[in-house]
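# Structure at a glance
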Amino acid sequence: MDDAGTVLENADVLVVDDRVAAVGAALDVPDGTFEIDATGGIVMPGMIDTHRHMWQTAMRGYGADWTLTQYFVWYYLEHGKVFRPQDVHAGNLVSAWDALEAGVTTTVDWSHGLQSVDHAEAAVDALQAVPGRFVLAYGNIQAAPWEWTADKSVQSFLERRRTGAGDMLGFQLAFDVTGDPEFPERAAFEVARELGLPVTTHAGVWGATNDAGIKLMHENGFMTPENVYVHAATLEPDSYHRIAATGGSISVSTESEQSAGQGYPPTWQVRRHDIPVSLSMDTSVWWSGDLFSAMRTTLGADRSREHLEAHIKGDTVTNVHLRAEHVVQWATRGGAAALGRDDLGSLQPGKKADVVLIKNDASPVSFPLLNPYGHIAFQAQRGDVHTVLVDGRVVKYQHRLVGADLAAVRGQVQDTVEYLRSTLGADAWAGGMNPDLPHDEVLDNPYQYTAYKSDSTHQARGSVFGLTADDGS
Ligand SMILES: [Zn+2]
């Protein structure tokens, strides 16, 4: 993953302390070097997720059938405020190990459940208890950005926890810009500037943020290269031009955009605007914390749209624009660039030793290995992650996390789930997980059903899709 996208075969990667010391064939290594046999595998840089609400992993999978509407109601309006500091801690802890297990060595914790400094302390404590690289993007959905950023205790927390944190823990401010012409978010941007922290913002989210917010940021001088625009899905070309011109980057959460409805995953248009892209998983209340999914769905969404746009015009796409190599770039170097970390995202001498080995000798999917980029994007999955190094330290080896007390993590998460379930009550708990199912209209069929499709299978299908006899089905 150097500038030329070089792929080396039968090469070694030598790690000394926290750095990549050398890359090449048949390296001379110091006596006593511990060897990890990568034969038949792929060695790649650690992946980087630039937007994940890690605290929500305590509710893993709960919102699988949500749209953004149910998400906003559940977290923003109804239940987000019942989360205690220990619940944020539990979510972050499981999410942090989850990331490492999948070869995601750097994760931006888009931590917008920090309704008090105690919550923030708990979030950072959890991140620092796990040997991954993290960025705490401080946010608080229970207060307006200009309110919580003005809070001196928040500012002093950020100053204090940054001090001595080293390069394993970074900080950002995380808030959204509604497009209110008064631009009340100005005060929050000014705090970010005073503290020297980048701003990450959900931009171009259908029904929530739009071009007006981008215009306000730009005209008031708050669009800078370190800004990360999350989703950027429902924006006009004018907004993309403003992002491109000011050097910011877009964090695409394709699985999220596809299910939740922020807008069509935007890579098919942002790649024409020369805007840097990184990938993200958003939240495990729906999706996994696994960037293989992000690469795969991003390729699918981009190509799907390219074909669709062509078919509408009666054309055929013969050569796709987005390649497997591009999404592997976005998952590694793209994230590093978004975070201003040119020491991450590639395996070159002098870079930080955040390294992933994909190798699974027990799997028939491990061979033949012909096209490494294609293999990573479309064939590999987290179970194929054999070894993970972060900062030169082995955190996963032979498919097992190293030093993770998962029983303790499980206990914490269980406490949080039990607390939430009893606080919400059985009805709200079940209702939250099972949003109302709209009727699915089945069209009249002009042909007669043949005998093999019996009435009972027809009825069964109808009941699965929530149909009743009244629908004429
Ligand atoms: Zn988000």
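Quick note: structure is the one above.
Residues numbered from 1 in each chain as written. Predicted model: local features only at pLDDT ≥ 70, side-chain atom pairs only at ≥ 80, totals over all residues. Heavy atoms only, no water.

## A few points about the sheet that holds strand β3 (residues 42–45)
Overall, antiparallel pairing links the five strands, which are arranged β3-β12-β13-β14-β15 in an open sheet. Pairing within the sheet leaves two strands with one partner each, and these edge strands are β3 and β15 (400–401). For β3 and strand β12 (residues 355–358), the ladder comprises four bridges, and the chain directions are antiparallel. Pairing of P45 across the sheet is with V355, part of β12. (Pairing = 2+ DSSP bridges. Helix = DSSP H or I, 4+ residues; strand = E, 2+ residues; numbered from the N terminus.)

## Considerations on the packing of helix α12 (residues 324–338) against helix α13 (residues 372–379)
Between α12 and α13, the least distance of the axes is 8 Å, while the angle of their chain directions is 70 degrees. By the angle class used here, α12 and α13 are roughly perpendicular. On α13, the residues touching A324, E325, V327 and V328 of α12 are Y373, G374, I376 and A377. Residue composition of the contact of α12 with α13, by class: six nonpolar, one polar and one charged. (Axes fitted to C-alpha atoms, helices over the stretch in contact; angles between N-to-C directions. Parallel < 35°, antiparallel > 145°, perpendicular 65-115°, else oblique. Contact = heavy atoms within 4.5 Å. Nonpolar A, V, L, I, M, F, W, Y, C, P; charged D, E, K, R; others polar.)

## Details of helix α8 (residues 237–246)
Taken together, the buried positions of α8 are S239, Y240, R242, I243 and T246. For α8, the arc enclosing every buried residue in end-on projection is 160 degrees, short of the 170-degree limit, so these residues lie on one face. In this fold, the buried residues of α8 make contact with α7 (211–219), β9 (228–231), β10 (249–252) and α10 (267–270). Looking one or two residues past α8, G247 carries a phi angle of roughly 85 degrees, positive in sign. (Buried < 20%, exposed > 50% of the residue type's maximum accessible area, 1.4 Å probe, protein only. Arc of directions from axis to C-beta.)

## Comments concerning the layout of surface pockets
One number sums up the size of the largest pocket: a volume of about 1,500 Å³. If you go around the largest pocket, you meet 47 residues; those closest to its centre are A11, D12, V13, A38 and V43. Put simply, the parts of the chain that give the lining of the largest pocket at least two residues each are β1 (12–16), β3, β12, α13 and β13 (385–390). Of all the elements, β1 adds the most residues to the lining of the largest pocket, at five residues. The class makeup of the residues in the lining of the largest pocket is 32 nonpolar, ten polar and five charged. Forming the boundary of the second largest pocket are 29 residues, of which F72, Y76, I141, D176 and H202 lie nearest the centre. Secondary-structure elements contributing two or more residues to the lining of the second largest pocket are α1 (68–79) and α4 (145–148). In terms of residue count, the dominant contributor to the lining of the second largest pocket is α1 (four residues). (1 Å grid on protein atoms, 1.4 Å probe; cavity = no way out; pocket = protein on both sides within 12 Å on 5 of 7 lines; lining within 4 Å. Points joined across faces, edges and corners; volume = space filled by probe spheres on them.)

## Some remarks on the environment of S239
Topologically, S239 is positioned in helix α8. Taking the C-alpha atoms as reference points, S239 and T107, 132 residues apart in sequence, are found 26 Å from one another. Filtering out sequence-adjacent residues up to four positions away, S239 remains in contact with D211 and I214.

## Quick look at the environment of V228
With respect to the helices and strands, V228 occurs in strand β9. For V228, a relative accessible area of 2% puts it in the buried group. Expressed as a C-alpha distance, the spacing of V228 and A174, which sit 54 residues apart in the sequence, is 9.6 Å. Those residues in contact with V228, other than ones at most four positions away along the chain, are V199, T200, T201, S249, S251 and A338.

## Considering the pattern of salt bridges
By the definition in use, this model includes 24 salt bridges. Between D18 and K352 there is a salt bridge; the shortest N-O distance is 2.7 Å. In this pair, D18 sits in the loop between β1 and β2 (19–24) while K352 sits in the loop between α12 and β12, placing the two residues 334 residues apart along the sequence. Given the relative accessible area of 23%, D18 is considered partly exposed. When its relative accessible area of 4% is taken as the criterion, K352 is described as buried. Residue D125 pairs with R161 through a salt bridge whose shortest N-O separation is 2.9 Å. You can see D125 sitting in helix α3 (residues 117–128) and its partner R161 sitting in helix α5 (residues 152–162), a full 36 residues away along the chain. Taken together, the salt bridges that share partners define one network made up of D18, R19, R133, D167, R341, D343, K352, D354 and D391. (Salt bridge = Lys/Arg side-chain N within 4 Å of Asp/Glu carboxyl O.)

## Quick word on empty space enclosed by the protein
One pass over the full model with this rule turns up two cavities of 30 Å³ or more. For the largest cavity, the calculated volume is near 80 Å³. As for the largest cavity, its lining consists of G40, G41, I42, I358, K359, N360, V365, S366, L369, H375, A380 and D384. Classifying every residue of the lining of the largest cavity gives five nonpolar, five polar and two charged. Each pocket or cavity is described by its volume, and for the second largest cavity that value is around 50 Å³.

## What about the nonpolar core?
Formed by 105 residues in total, the largest nonpolar core has its most connected members in Y75 and Y138. Considering every element that reaches this core, the biggest residue donor is helix α2 (residues 85–101), with eight residues. With near-sequence residues (within four places) excluded, Y138 lies in contact with S111, L114, S116, V117, A120, W148, V154, F157, L158, Q172, L173 and A174. Counting twelve residues, the second largest nonpolar core, distinct from the first, contains A137, V228, A338 and L339. (Core = buried A, V, L, I, M, F, W, Y, C linked by side-chain atoms within 4.5 Å.)

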